[in-house]
Amino acid sequence: MNITSVVAWRASPAHLRAVLLGVTSVSAALLFRVPMLLVLGAPFLAIAVWGAVTRPDGQPVLDGRLAPSTLREGEVTSWRCRADGLGGVDHLVALAPRRDWLDLRPESGVSTAIVDDGGPATLDVSIRATHWGRHEVGRLKVVAVSAWGAFRWSALDVGHRLTVLPVPAPFDANPSTLRADGLVGVNRSARPGAGHEISGIRPFRAGDRRRRSNWKRSSREGQLHVTETFADRDTHVALIVDGLADHGTSGGIDGEASSLDTTVRAAGAVAEHFLLRGDRVSLR
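Every value quoted in this text rests on a predicted model; they were computed, and no experiment measured them.

Parameters at a glance
- For every chain, the first residue of the written sequence is number 1, and numbering continues from 1 onward in sequence order.
- Residues qualify for local features only when their pLDDT is at least 70, as the model is predicted, and side-chain atom pairs are given and counted only at 80 or more; totals for whole chains, interfaces and linings, by contrast, use all residues.
- Excluding hydrogens and water, the side-chain values take into account all heavy atoms of the structure.
- Secondary structure elements follow DSSP: runs of H or I no shorter than four residues count as helices, runs of E no shorter than two count as strands, and numbering proceeds from the N terminus.
- Note on terminology: a nonpolar core comprises buried Ala, Val, Leu, Ile, Met, Phe, Trp, Tyr and Cys residues joined through side-chain atoms within 4.5 Å.
- Three exposure classes are used, based on accessible area relative to the maximum for each residue type with a 1.4 Å probe and protein chains only: buried under 20%, partly exposed in between, and exposed over 50%.
- Residues count as neighbours in contact if any of their non-hydrogen atoms are within 4.5 Å of one another.
- Being paired, for any two strands, means DSSP has found at least two bridges between them.
- For helices, the fitted line uses only the C-alpha atoms of the stretch in contact; every axis is such a line through C-alpha atoms, and the angle between N-to-C directions lies from 0 to 180 degrees.
- Should an angle lie under 35 degrees it is considered roughly parallel, over 145 roughly antiparallel, and from 65 to 115 roughly perpendicular; all remaining angles are considered oblique.
- Take the far helix as your reference; a near helix turned counterclockwise from it by less than a right angle gives a left-handed crossing, and one turned clockwise gives a right-handed crossing.
- Amino acids are sorted into nonpolar (Ala, Val, Leu, Ile, Met, Phe, Trp, Tyr, Cys and Pro), charged (Asp, Glu, Lys and Arg) and polar (every other residue, Gly among them).
- Put simply, two rings from Phe, Tyr or Trp (the six-membered ring, in Trp's case) pair if the centres are within 6.5 Å, and we call them stacked under 30 degrees between planes, edge-to-face over 60, tilted for the rest.
- Any Lys or Arg side-chain nitrogen found within 4 Å of a carboxyl oxygen on Asp or Glu counts as a salt bridge.

Novice: Account for unusual backbone geometry, with residues named and values stated.
Specialist: Cis geometry is found at the peptide bond from A67 to P68, where omega equals -5 degrees. Secondary-structure assignment places P68 in the loop between β2 (61-67) and β3 (70-72). The residue after R105, namely P106, is reached through a cis peptide bond having omega 5 degrees. Along the chain, the position of P106 falls in the loop between β6 (102-105) and β7 (110-114). One non-glycine residue with positive phi stands out, namely R33, at about 55 degrees.

See the structure below:
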């Protein structure tokens, strides 16, 4: 969170209008002896005095967070801001800017919270990502308002970024080995070494482990033999995506897919398939 552009408590236009109308009406009523002007202007003057007396002295403390900051297309994240030090504050308002590929809930991007006796309050704006990539959420404005809307305090919460991963396209493959989450080395190497797949049986040599001893062959040959295996190694899958051109119009996760959308989602499907097998995957 990075709170910036803090504007201290200032009189709102509504408060200035109430002061102007109240003072002008009461002064005119006393000067020209018109009781009707006094009746019309006295409420405005009373509200202006009330708003000035209840003006907050302290500065609100904001703690805004965006979690999670990494999600897939179509998923929803939430910006939540907790405010403390709200003595004299009547209510809070947050406004999230509109951004391409980010749908706000509520759609207006406005969130409000009523403050009870100066206690903490929470503002919440939901954000739905509709397209893969990195997106700046923008400057979220938080405004604290005193009683009768007389005074306002505002600040901006900036620096929030979303990383949106593509939804993998359907991928059909029949691997020769079972998937094992978290296991590295499910592919047979061409070189001998410590592994699980047998490559042959040979006479014992210095350095061989006793647990590799093949007692059946040793009893027949009259000489100690060991079972030799292929080494288990992980595979490095390199994906190269041509992103120099994009043909067609991208409608995000809810619309049509452009050529780059199809390519990226296909690359995500291939990468997910091999990652679940324990292989290494790189993308260029």
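Novice: Tell me about the nonpolar core, and name the residues and values.
Specialist: In this structure, W79, L92, L123 and L162 are the most contacted members of the largest nonpolar core, which totals 31 residues. Of all elements in the fold, only β2, β4 (76-84), β5 (89-95), β6, β8 (121-129), β10 (140-146), β11 (151-158) and β12 (161-165) reach the threshold of two or more residues within this core. For this core, the element with the most residues is β8, which contributes five residues. Not counting the four nearest positions on each side in its chain, W79 is found in contact with G64, R65, L66, A94, L123, D124, V125, L140, V142, D157 and H160.

Novice: Residues and numbers for the environment of V110, please.
Specialist: Along the chain, V110 falls in strand β7. Here the alpha-carbon distance between V110 and D124, two residues 14 residues apart in the chain, equals 9.1 Å. Setting aside its immediate chain neighbours within four residues, V110 contacts V93, A94 and L95.

Novice: I'd love a proper account of the sheet that holds β4, names of residues and values included.
Specialist: If you walk across this open sheet you meet the four strands as β2-β4-β8-β6, and the pairing is antiparallel. The outermost strands of the open sheet, each flanked by one partner alone, are β2 and β6. Strand after strand, the sheet turns through a mean of 20 degrees between neighbouring axes, direction not considered. Examined bridge by bridge, β2 and β4 share seven bridges and lie antiparallel to one another. Paired with L62 across the strands is A83, a residue of β4.

Novice: So what's going on with the packing of helix α1 (residues 13-32) against helix α2 (residues 35-53)? Which residues, and what values?
Specialist: In contact at an axis separation of 7 Å, α1 and α2 are set at 140 degrees when each is read in the N-to-C sense. If you check the angle between α1 and α2, you find them oblique. The handedness of the crossing between α1 and α2 comes out as left-handed. Residues H15, A18, V19, L21, G22, V23, S25, V26, A28 and A29 of α1 lie in contact with α2, whose contacting residues are L37, L38, G41, A42, F44, L45, A48 and A52. Residues of the contact of α1 with α2, tallied by class, amount to 14 nonpolar, four polar and no charged.

Novice: How would you summarise the packing of aromatic side chains if you had to cite specific residues and measurements?
Specialist: Under the counting rule described, the total for this entry stands at one aromatic pair. Arranged with centres 5.5 Å apart and planes meeting at 65 degrees, the rings of W50 and W148 form a pair that is edge-to-face. One end of the pair, W50, is in helix α2; the other, W148, is in the loop between β10 and β11, and 98 residues separate them in sequence.

Novice: Hey, could you go over the pairing of β7 for me, with residue numbers and the actual values?
Specialist: What you see with β7 is a clean split: S111 and A113 sit on the buried side and V110, T112 and I114 on the side with no burial. Bridge count for β5 against β7 is five bridges, and the pairing is antiparallel. Among the inter-strand pairings, H91 is bridged to a residue of β7, identified as I114.

Novice: Run through the pattern of salt bridges, naming residues and quoting values.
Specialist: All told, the structure shown has 10 salt bridges when counted by the stated rule. In this structure, R265 engages E73 in a salt bridge whose closest nitrogen and oxygen atoms are separated by 2.9 Å. Placement of the pair is R265 in helix α4 (residues 259-276) and E73 in the loop between β3 and β4, with a sequence separation of 192 residues. Side by side, R265 and E73 carry an identical accessibility label, which is buried.

Novice: Can you tell me about the environment of S5, naming the residues and giving the values?
Specialist: Relative to the elements of secondary structure, S5 occurs in strand β1 (residues 2-11). In this structure S5 comes out as partly exposed when scored by relative accessible area, which is 41%. Sequence separation between S5 and D157 is 152 residues; the distance between their C-alpha atoms is 8.8 Å.

These figures come from the coordinates and say nothing about function on their own.
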